[in-house]
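The primary structure of each chain is shown beneath.
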Amino acid sequence: MPQTILLLDDEPDNIVLMEKTLQRKLRDVSTVSFASPLEALAWCSGNEPDLCLVDYRMPEMSGIEFIVRARQNPRFDGIPMVMVTGVPPDDVRSAALVSGATEFLSKPINPPEMVVRCRNLLALRRSLSDQRQQAYRAGGELSEAVRGIALREQEVIIGRLVRFSEARDEETGSHMRRMAFLSQLIAQEIGEGREFCDLLLLAAPMHDIGKVGIPDRILLKAGRLDAAEWEIMKTHAVIGYDVLKDSDSGLLKMGAEIAHSHHEKFDGLGYPHGLCGESIPLVGRIVAVADVFDALVNERPYKNAWAPGDAFDLMRRERAKHFDPACVDAMLKRIGEVMDIENEFSEKSPSKDDLESSPLRREASRR
Ligand SMILES: [Fe+2]
Ligand SMILES: [Fe+2]
């Protein structure tokens, strides 16, 4: 099925540039263009694009107002909306994100960057629509056996989504697996039930899925990020939440909550909302411990691996600062199993089987 990109810009030259570039570089994509937000809204009332690129400054209404009005239609929930603008001041940026913009594309338009980001967002949109269809089918009059198959398919699709996000980042599949098992271990130790723990195992790898919306020049930058780049990098939490929220699937709902809250800190100094203590969702507090610990004890392109003892010390020092003390204590009580997980899925020996199978199936083989 071809996908449709809606282009909205009051400057005809920009529309021509976007149309020509996208039609030349993307296969199976058609564009529908408007100079007037009101005309675009009228079209949207009877049609559903797969992606919208929206100018910020337009005479009839701003891009933000357009996005708010388009999003009033529930069918627009999962549609990525990119705001095309010069460097926006912080308040415009936050207003756009709160109103439902998925990400930003800078003006003047850089055609290669636009193509890469549209391609990523369209792939994500396609995966999510497939997943929605699965969920829809799973909700009908299905036998338990078929429901089981639908759930496994959902798991596979989510696995692919996560791999898609890994492919753009320095994160590896092994990191996702280890941090998922560590999250599950912490949840078990603090007394959460079997269903919650299993769901968390599958949902935790979605924590950084919003990084698909971060431009390569920032995501893949070798050196340190400057302040403006860092602000953009931080939006991955909101982008991930936006693409996963509003689904009927419990798994995606949990994934959305994790994506949104895994960089909040217990003392309120995290992002995106500076939540503190137990106002941070439990899944976010758990994943923060698992994600940071695993990043510390493994090598990354920008750092050496820490000795486990040093990493445990840091986790202790950050009790009630970065991390929920209960989650840190839970991990410290199960140090043996933490190290088993680290060793079993080490970077050095990811077997083919590790890379192909989902965490839940790997877990069955661990039992
Ligand atoms: Fe993250
Ligand atoms: Fe991570």
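Note: the structure precedes this text.
Below, the structure is looked at part by part. Numbering of residues begins from 1 in every chain and follows the order in which that chain's sequence is written. Lettering of chains starts at A and numbering of ligands starts at 1, both following the order in which they are written. With pLDDT at 70 or above as the cut-off, local features in this predicted model cover only qualifying residues; side-chain atom pairs require 80 or more to be listed or tallied, and sums for whole chains, interfaces and linings still use all residues. Side-chain measures here rest on the full set of heavy atoms in the structure, leaving out hydrogens and waters.

Brief notes about the nonpolar core
Grouping buried Ala, Val, Leu, Ile, Met, Phe, Trp, Tyr and Cys residues that are joined through side-chain atoms within 4.5 Å yields what is termed a nonpolar core. Note on classification: 1.4 Å probe, protein chains only; a residue is buried when its accessible area is under 20% of the maximum for its type, exposed when over 50%, partly exposed between these limits. Counting residues in each nonpolar core, the largest one holds 51 residues, and the members touching the most others are Met 206, Phe 293 and Met 315. It is helix α13 (residues 282-297) that contributes the most residues to this core, nine residues altogether. Residue contacts are defined here by distance: any two heavy atoms, one from each residue, within 4.5 Å place the two residues in contact. Apart from residues no more than four positions distant in its own chain, Met 315 is found in contact with Val 289, Phe 293, Leu 296, Phe 323, Val 328 and Met 331. Judged by nonpolar contacts, the second largest core, of 25 residues, contains Leu 6, Leu 41, Val 54 and Ala 70. Starting at the N terminus, helices and strands are each numbered in turn, a helix being any DSSP run of H or I of at least four residues and a strand any DSSP run of E of at least two.

Focus on the coordination of the iron ion (ligand 2)
Ideal values for angles at a metal depend on the geometry: 109.5 degrees with four tetrahedral donors, 90 or 180 degrees with six octahedral donors. Here the term donor refers to an N, O or S atom within 2.8 Å of the metal (or 3.2 Å for Na, K and Ca), and because water is left out of the atoms, sites may appear incomplete. The coordination sphere of the iron ion (ligand 2), as far as protein atoms go, consists of His 175 (NE2), His 207 (NE2) and Asp 291 (OD), spread over 2.2 to 2.4 Å. A separation of 5.7 Å is found between the iron ion (ligand 2) and the iron ion (ligand 1). Taken together, the residues His 175 in helix α7 (residues 173-189) and Asp 291 in helix α13 connect sequence positions 116 residues apart. Residue His 175 is classed as buried on the basis of its relative accessible area of 1%.

Details of the coordination of the iron ion (ligand 1)
Protein coordination at the iron ion (ligand 1) comes from Asp 208 (OD), His 236 (NE2), His 262 (NE2) and His 263 (NE2), with a distance range of 2.0 to 2.3 Å. Between the four donor atoms coordinating the iron ion (ligand 1), the angles at the centre fall across 83 to 175 degrees, so the site counts as irregular. Counting the intervening residues between successive donors of the iron ion (ligand 1) yields the motif D-x27-H-x25-H-H. Exposure remark for His 236: the relative accessible area of 1% places this residue in the buried category. Its relative accessible area of 22% is what places His 263 among the partly exposed residues. In these descriptions, tetrahedral denotes four donors with every angle between 85 and 135 degrees, square planar four donors and octahedral six donors with opposite donors over 155 degrees apart and the rest between 65 and 115, and irregular any other case.

With respect to the pairing of strand β3 (residues 51-55)
For β3, the buried fraction is high: five of the five residues fall into the buried class. Neither face of β3 is left uncovered, since the one carrying Leu 51, Leu 53 and Asp 55 and the one carrying Cys 52 and Val 54 both have all their residues buried. Pairing between two strands requires that DSSP report at least two bridges joining them. As paired strands, strand β1 (residues 3-8) and β3 are joined by four bridges and run parallel to one another. If you follow Leu 6 over to β3, its bridge partner there is Cys 52. Sheet analysis places β3 next to strand β4 (residues 81-85), joined by four bridges and oriented parallel. Bridging from a neighbouring strand, Val 54 pairs with Met 83 of β4.

Side note on the environment of Val 287
If you trace the backbone, Val 287 turns up in helix α13. The class of Val 287 is buried, set by a relative accessible area of 0%. Separated by 28 residues in sequence, Val 287 and Ala 259 have C-alpha atoms that sit 9.5 Å apart.

Some details on the sheet that holds β4
What holds strands together in a sheet is hydrogen bonding between their backbones, with the strands either parallel or antiparallel. Spatial ordering of the open sheet is given by β2-β1-β3-β4-β5, a layout of five strands whose pairing is parallel. The open sheet has two edge strands, β2 (29-34) and β5 (103-106), and neither has a second partner. Strand-to-strand twist in this sheet, taken as the mean axis angle between neighbours without regard to direction, amounts to 25 degrees. Of the pairings in the sheet, the one linking β1 to β2 comprises six bridges and is parallel in character. Residue pairing for β2: Leu 8 is matched across the bridge by Phe 34. Each axis is a line fitted through C-alpha atoms, and for a helix only the stretch in contact is used; angles between axes span 0 to 180 degrees, taken between their N-to-C directions.

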